[in-house]
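What follows is each chain in one-letter form.
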Amino acid sequence: MRDPFPIPPIPALSKAVQPWADYLKLPTLPLHIHEVVIMAALYHFVGSVVSPVLSRRFFPTQYAALSRSRKLNWDVHVVSLVQSTTINALALWVMFVDDERKNMDWQERIWGYTGGAAMIQAFAAGYFLYDLIITASHPNIFGLGMLAHAVSALLVYSFGFRPFVNYYSTNFILWELSSPFLNIHWFFDKLGMTGSRAQLYNGLMLIFTFFSCRLVWGTYQSVLVARDVWAALRVTPKVLATLGPEEVLNAAFPSQYAQTMQYVSQSTSVPLWLAAVYMGANLTLNSLNFYWFFKMIEAVRKRFDPKEKEKEVPGTENPVRDAAVTTGAETKGSIELKTRPRRGTLLDGEEADEPPPI
């Protein structure tokens, strides 16, 4: 499948990044660097222009009541909502229409390349580049943990430009199917809908998508990629470019190898350090998914279970739980701010102005 992105590579940009691509052994980076840059710029535009304009238009009272740092946090959640919704739809589309990707064998799943999967990988890298810039510029708001997450995610998705496990880029991006519900949950709190029936239904969808997409699907895909990476360790892929004259005469390969394995050479392999870094990051993220899932269950129980609410003794809650939610109320032509108590949870992302941990 050719890259479906409507804007072709920008020659000047590709030429500028070519020396770095050669040095880092990322041969497909010049073909997709424009997508990385364009998406990072688009997300910055959404966060710095679109979100403030629309938020002041549709939620004037709530948005105006936020501090400068919390406004930035709000805008980052808008970007996350836009990004996760868009890339999930595109990843599912590529998985259904890319026939070359569907027919890949284990060698292609490790070293193969298709334009559609590479586009998804570039879009993800563009978002994590934006995320890295934001978290690095505001470490006092987002913390070192979020900065480390942005660095790690950008690094892992950059491996795909070798290309390396390009096939799995669409599979693992589907972890993000739970992110829209997470961001909606966060906005419910900011809009004074904490504990509402709508938030309950959204919370159930959040738990369902998180469990099915991250724990079930994510763990299954991690087992598959671990199997393929193990098979590829210290093995040279068998394609025409890596065979000797005598082997070529008896060789038979799928016809799509001419496209999917075009970047394979005699020096292509999976070094031990690459396998260790990739699988280590994958294992870490999977472990965090399980940890966050049980924390979400606990948070939902505290929010909606009457027995859990009775355990709270008035006057003994910490400052976070004593926080208030602002709501807009019109009184005789004027707008006044009212507050009501709200319960802080792991998903609120309000402690020290940090976003949710997912």
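Because the structure is a prediction, the values reported are computed rather than measured. (Residues numbered from 1 in each chain as written. Predicted model: local features only at pLDDT ≥ 70, side-chain atom pairs only at ≥ 80, totals over all residues. Heavy atoms only, no water.)

On the surface, Leu42, Phe45, Val49, Val53, Leu54, Phe58 and Phe59 cluster together into a nonpolar patch covering about 630 Å² of accessible area. Note that valine 49 resides in helix α2 (residues 29-58). (Patch = residues over 30% accessible without salt bridge, like charges linked within 9 Å, V, L, I, M, F, W, Y side chains within 5 Å. Areas by Shrake-Rupley, 256 points an atom, 1.4 Å probe, with all protein chains shown as cover. Salt bridge = Lys/Arg side-chain N within 4 Å of Asp/Glu carboxyl O. Helix = DSSP H or I, 4+ residues; strand = E, 2+ residues; numbered from the N terminus.)

So, on to the packing of aromatic side chains. Inspection of the entire model under this criterion finds 21 aromatic pairs. Seen in terms of ring centroids, tryptophan 74 and phenylalanine 187 are 5.0 Å apart; in terms of plane orientation they differ by 75 degrees. Their pairing is edge-to-face. In this pair, tryptophan 74 sits in helix α4 (residues 68-97) while phenylalanine 187 sits in helix α10 (residues 179-190), placing the two residues 113 residues apart along the sequence. Taken individually, tryptophan 74 and phenylalanine 187 each receive the classification buried, so the pair is uniform in this respect. Here the aromatic residues Tyr43, Tyr127, Phe128, Tyr130 and Tyr157 are joined through ring pairs into a cluster of three or more. A cation over a ring is seen here: arginine 101 above tyrosine 167, with NZ or CZ 4.2 Å from the ring centre. (Phe/Tyr/Trp six-rings, centres within 6.5 Å; stacked < 30°, edge-to-face > 60°. Buried < 20%, exposed > 50% of the residue type's maximum accessible area, 1.4 Å probe, protein only. Lys NZ or Arg CZ within 6 Å of the ring centre and 35° of its normal.)

Our focus in this paragraph is the nonpolar core. Here is a general trend for soluble globular proteins: nonpolar side chains tend to be buried in one another's company. Counting residues in hydrophobic clusters, the biggest one holds 64 residues, and the most contacted among them are Ile110, Phe164, Val165, Ile173, Val229 and Val270. The leading source of residues in this core is helix α7 (residues 115-137), at 10 residues. Apart from the residues lying within four places of it in its own chain, the contact partners of isoleucine 173 are Ile87, Asn88, Ala91, Ile120, Ala124 and Tyr157. (Core = buried A, V, L, I, M, F, W, Y, C linked by side-chain atoms within 4.5 Å. Contact = heavy atoms within 4.5 Å.)

All right, on to the pattern of salt bridges then. Inspection of the entire model under this criterion finds 4 salt bridges. The residue lysine 102 makes a salt bridge to aspartate 99 at a minimum N-O spacing of 3.9 Å. Linking lysine 102 with aspartate 99, this pair stays in helix α5 (residues 99-102), spanning 3 residues, or about one helical turn. Taking the relative accessible area as the measure of exposure, lysine 102 reaches 45% and is therefore partly exposed. In this structure, lysine 295 and glutamate 298 form a salt bridge, with 4.0 Å as the shortest nitrogen-oxygen distance. Taken together, the residues span about one helical turn, with lysine 295 and glutamate 298 both in helix α14 (residues 272-304) at a distance of 3 residues. According to the relative accessible area criterion, lysine 295 is partly exposed, its value standing at 29%. For glutamate 298, a relative accessible area of 35% translates into the label partly exposed. Put simply, Arg109, Arg227 and Asp228 are held in one network by salt bridges that share partners.

The phi angle of most residues is negative, glycine excepted, and most peptide bonds adopt the trans form. The omega angle of the peptide bond from arginine 162 to proline 163 is -10 degrees, so this bond is cis rather than trans. Unusually for a residue other than glycine, lysine 25 sits at a positive phi of about 60 degrees. With respect to the secondary-structure elements, lysine 25 resides in the loop between α1 (11-24) and α2. Positive phi outside glycine occurs at valine 165, with the angle close to 45 degrees. By secondary structure assignment, the location of valine 165 is in the loop between α8 (139-158) and α9 (168-173). Assessed through its relative accessible area of 5%, valine 165 is described here as buried.

Our next topic: the side chain of glutamine 83. Within the element layout of this structure, glutamine 83 appears in helix α4. Those residues in contact with glutamine 83 that sit more than four places away from it in its chain are Tyr43, Tyr127 and Glu176.

Because the α-helix completes a turn every 3.6 residues, residues three or four places apart line up on one side. For α1, built from 14 residues, the straight-helix expectation of 20 Å at 1.5 Å per residue is met to within 8% by its first-to-last C-alpha distance of 20 Å. If you look at α1, its biggest bend is around 40 degrees, right at glutamine 18, and the proline proline 19 turns up within four residues after that. Of the positions making up α1, those classed as buried are Ser14, Val17 and Ala21. Considering only its buried residues, α1 is in contact with α2. Looking one or two places after α1, you find lysine 25, whose phi comes out positive at around 60 degrees. (Expected span 1.5 Å × (residues − 1). Bend = angle between axes of the 7 residues up to and from the residue.)

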